[in-house]
Structure formats: structure tokens, C-alpha cells
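# Topology and contacts: notes
Residues per chain are reported as follows:
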Amino acid sequence: MAGRRTLLIDADLIGRALTSHLGLDTAPGLREAVHAESLNGEVHAARHNLWAIPAGLAADFRPELLSSFLMARLLEKARGSFDTIIIDTGPIMGSVEANLASPLSDRVVLVVSRGQDPKVVRAALGRIRTIGATCAGMVFNR
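Residues numbered from 1 in each chain as written. Predicted model: local features only at pLDDT ≥ 70, side-chain atom pairs only at ≥ 80, totals over all residues. Heavy atoms only, no water.

Turning our eyes to something else, we now look at the overall build of the chain. Scanning the chain from N- to C-terminus turns up five helices and six strands. Going residue by residue from the N terminus, the α and β elements of the chain occur as β-α-α-β-β-α-β-α-β-α-β. Its C-alpha atoms give the chain a radius of gyration of 15 Å, near enough to 14 Å, the size a compact globule of 142 residues would have. Reported as C-alpha extents along the three principal axes, the dimensions of the chain are approximately 40 × 35 × 25 Å. Across the chain, contacts joining residues at least 24 apart in sequence account for 71% of those joining residues at least 6 apart. For the chain, the accessible surface area stands at approximately 8200 Å², while carbon and sulfur atoms represent 53% of it. Positive and negative side-chain charges of the chain, numbering 16 and 14 respectively, have mean locations separated by a distance of 8 Å. (Helix = DSSP H or I, 4+ residues; strand = E, 2+ residues; numbered from the N terminus. Rg over C-alpha atoms; globule rule 2.2 N^0.38 Å. Contact = heavy atoms within 4.5 Å. Areas by Shrake-Rupley, 256 points an atom, 1.4 Å probe, with all protein chains shown as cover. Lys, Arg positive; Asp, Glu negative; His and termini not counted. Charge placed at Lys NZ, Arg CZ, Asp CG, Glu CD.)

What follows deals with the sheet that holds strand E4 (residues 84–88). In sheet architecture, strand pairing relies on hydrogen bonds along the backbone and comes in two forms, parallel and antiparallel. Across the sheet, which stays open at both edges, the four strands sit in the order E2-E3-E1-E4 with mixed pairing between neighbours. Bordering the open sheet on either side are strand E2 (44–47) and E4, each of which pairs with just one other strand. When the angles between neighbouring strand axes are averaged without regard to direction, this sheet yields 30°. Sheet strands in contact with helix H3 (residues 68–79) are strand E1 (6–10), strand E3 (50–53) and E4, and its direction is about 145° off that of E4. (Pairing = 2+ DSSP bridges. Axes fitted to C-alpha atoms, helices over the stretch in contact; angles between N-to-C directions.)

So, on to the pairing of E3. Along E3, one buried face is formed by Leu50 and Ala52 and the opposite face, lined by Trp51 and Ile53, is buried too. Where E1 lies against E3, four bridges are found, and the strand directions are parallel. In the strand pairing of E3, Thr6 is matched with Leu50. Relative to E3, E2 runs antiparallel, the two being bridged by three bridges. (Buried < 20%, exposed > 50% of the residue type's maximum accessible area, 1.4 Å probe, protein only.)

Our next topic: H3. Between its first and last C-alpha, H3 extends 16 Å over twelve residues, near the 16 Å set by a 1.5 Å rise per residue. Buried within H3 are the following residues: Leu70, Met71, Leu74, Leu75 and Ala78. End-on view of H3: buried residues confined to an arc of 130°, all on one side of the axis. In H3, the exposed positions that point more than 90 degrees away from the buried face belong to Phe69 and Glu76. Buried-residue contacts for H3 involve E1, helix H2 (30–33), E3, E4 and helix H4 (96–101). (Expected span 1.5 Å × (residues − 1). Arc of directions from axis to C-beta.)

Written as C-alpha cells, this is what we have:
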């Protein structure tokens with residue numbers, strides 16, 4: 001609504017909820033983009049001023065093959081074309097991609113499920129600080 005070009009990246013390579021919600025289950029995306037020289041075919045229009053890089057299709061890609069270098073290179077390519085980049089990852093305490101993307105991001109928004117054990121929330125906040133990321137706030141879900 002602000003007229004900013006926004007890119008959503010589904011880096012939750014296991015859950016893939018954003019990819020599914022946008023109907024991009026059969027589209028190339030992150031799995032291909034991290035190895036591409038330029039973004040070409042991995043970015044898909046979703047709505048006015050909103051684009052998405054879905055999780056992707058490459059069957060031989062495993063989340064543990066993702067590296068900080070590959071994520072940083074992808075974000076550098078995307079920053080030239082978009083004003084805002086939002087990365088959706090798996091849980092900070094249980095996913096490789098969250099631990100790679102968080103320190104590369106300007107800010108992290110922690111999503112907390114209703115009824116979540118406060119010890120788990122404190123551990124997640126501690127993990128965000130430990131990896132060098134900054135938590136901008138929390139969203140309470142469900």
C-alpha cells in the first residue's frame with residue numbers, strides 16, 4: 001500500500017507454507033536462486049508491488065546445503081530490485097535457514113504460538129542475540 005516494491009522469500013524449506021499459500025508449489029525459487037548468477041525465473045509476481053521467491057523445486061537440494069555465503073549473495077542480488085525483503089523461515093531453534101537468514105537481516109520478528117512455554121521463547125530470543133541478529137518484536141499467533 002505504501003508503493004514499496006516488496007519481496008517475500010520462503011526460506012522455510014521444510015514447511016513451505018508461504019509457497020503453498022501463494023500457489024507456487026510448482027515454481028522455481030530459493031533452491032534454484034541461491035546457485036543462479038542472477039535472479040531469472042525464481043521471482044514471481046504475487047500482487048501489486050509484491051513478489052515472491054518460493055521454496056523452489058530442486059529435488060537434490062537439502063537445507064543443510066544452504067550457507068551464509070549463498071544467502072548473503074541472494075539477498076545482495078535482490079536488494080538491487082526491491083525496497084523491502086521479508087524472509088519466512090522455520091523456527092529459530094530448529095532450522096538451518098533461520099540461523100543463516102537472521103544475522104543477514106536488518107531485523108527479526110519472532111512468531112510465538114499461543115500457550116508457548118516461556119522458557120522456549122526466552123531460549124529463542126537468546127539464540128537470536130547469540131547469532132548476531134536483532135529482534136524487532138514478536139507476533140503472537142493462533
